[in-house]
Amino acid sequence: MEKSKVSGTMMGMNSSSAAANREELQDQAAGSMRTAESILRLVPVGLCVSALVVMLKNSQTNDFGSLSYSDLAAFRYLVHANGICAGYALLSAVVVAMPRRPATTAGSAWTFFFLDQVFTYLILAAASVSAEVLYLAYKGDLDITWSAACGSFGGFCHKAMASLVLTFIVVLFFIGISLVSSYKLFSRFDTPVLSCSAAAAKGGLEIAAF
């Protein structure tokens, strides 16, 4: 009788120890994931600021006249988009880096997913529009009477190209961030479902709400 009590006690201690070890491993994994995601969100901050500064300082004056980034709406949009995305990346990195108890809730996961998508498309749109304008500056377009300006303002175009390359690198990072937030959301939580009363009366049809 005493042996069975001792063995039961030992089994209970072993199961408690195993549970504690599993929890510790989960905490370590979560901490590593949190660190990696924080770095992934911090890197675009420097890239956005670099692209922004390069474009802000982009102006050239010569015998043909003067040209500044502010003369082109696409480049102004690029500057604003980089500034906004830099602020969001920094703020989201701080939030992600903070250890939370309890773990990530469905509400916060959906918020990160939605915002990551919005800012990814924002910076992608800015880069795409600026790339089109820069292409016209290099090649020109006779159909719309747009002359190739880079032959006369080579320094301006080179700086614009550097800023654009940095911005496209930012786009790649934001795509990675969006993939991470999508994985965290859909691997942990189910898609929210709303029951339609009329449909339910007929056959219990459920409609997913996004």
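Here we summarise the structure given alongside this text. Every value quoted in this text rests on a predicted model; they were computed, and no experiment measured them. Counting from 1, residues in each chain are numbered in the order their sequence is written. Note on the predicted model: pLDDT of at least 70 is required for a residue's local features to be given, and 80 or more for side-chain atom pairs to be given and counted; whole-chain, interface and lining totals, by contrast, use all residues. Side-chain descriptors were evaluated using all non-hydrogen atoms of the structure, hydrogens and water having been removed beforehand.

Time to look at the packing of aromatic side chains. Stacked, edge-to-face and tilted labels apply to pairs of Phe, Tyr and Trp rings (six-membered ring for Trp) whose centres lie within 6.5 Å, assigned for plane angles under 30 degrees, over 60, and everything in between, in that order. All told, the structure shown has five aromatic pairs when counted by the stated rule. A centroid spacing of 4.2 Å and a plane angle of 10 degrees characterise the contact between Y88 and F119, whose relative ring orientation is stacked. In this pair, Y88 is assigned in helix 2 (residues 73-97) and F119 in helix 3 (residues 106-139), connecting sequence segments 31 residues apart. For the pair shown, Y88 and F119 are each scored as buried. The secondary structure listing takes helices from DSSP runs of H or I that are at least 4 residues long and strands from runs of E that are at least 2 residues long, numbered from the N terminus. Burial classes follow relative accessibility: with a 1.4 Å probe on protein chains only, a residue under 20% of its type's maximum area counts as buried, one over 50% as exposed, and anything between as partly exposed.

Further remarks concern the nonpolar core. Here, the term nonpolar core denotes a set of buried Ala, Val, Leu, Ile, Met, Phe, Trp, Tyr and Cys residues that are joined through side-chain atoms within 4.5 Å. Core analysis: the biggest nonpolar cluster contains 36 residues, and M55, F75, I123 and F174 have the highest contact counts within it. Listed by contribution, the elements that provide at least two residues to this core are helix 1 (2-56), helix 2, helix 3 and helix 4 (154-188). In terms of residue count, helix 2 provides more of this core than any other element does, 10 residues in total. Contacts are residue-level and defined by heavy atoms, with any inter-residue pair within 4.5 Å sufficient. Not counting the four nearest positions on each side in its chain, I123 is found in contact with A81, N82, C85, T167, V170, V171 and F174.

The salt bridge criterion pairs a side-chain nitrogen of Lys or Arg with a carboxyl oxygen of Asp or Glu, the two atoms within 4 Å. Going through the model one piece at a time under the given rule, you end up with three salt bridges. Where salt bridges share partners, they join E37, R41, D116 and K184 into one cluster.

With respect to the helices and strands, the residue T167 is situated in helix 4. Overall, T167 belongs to the buried group, its relative accessible area being 0%.

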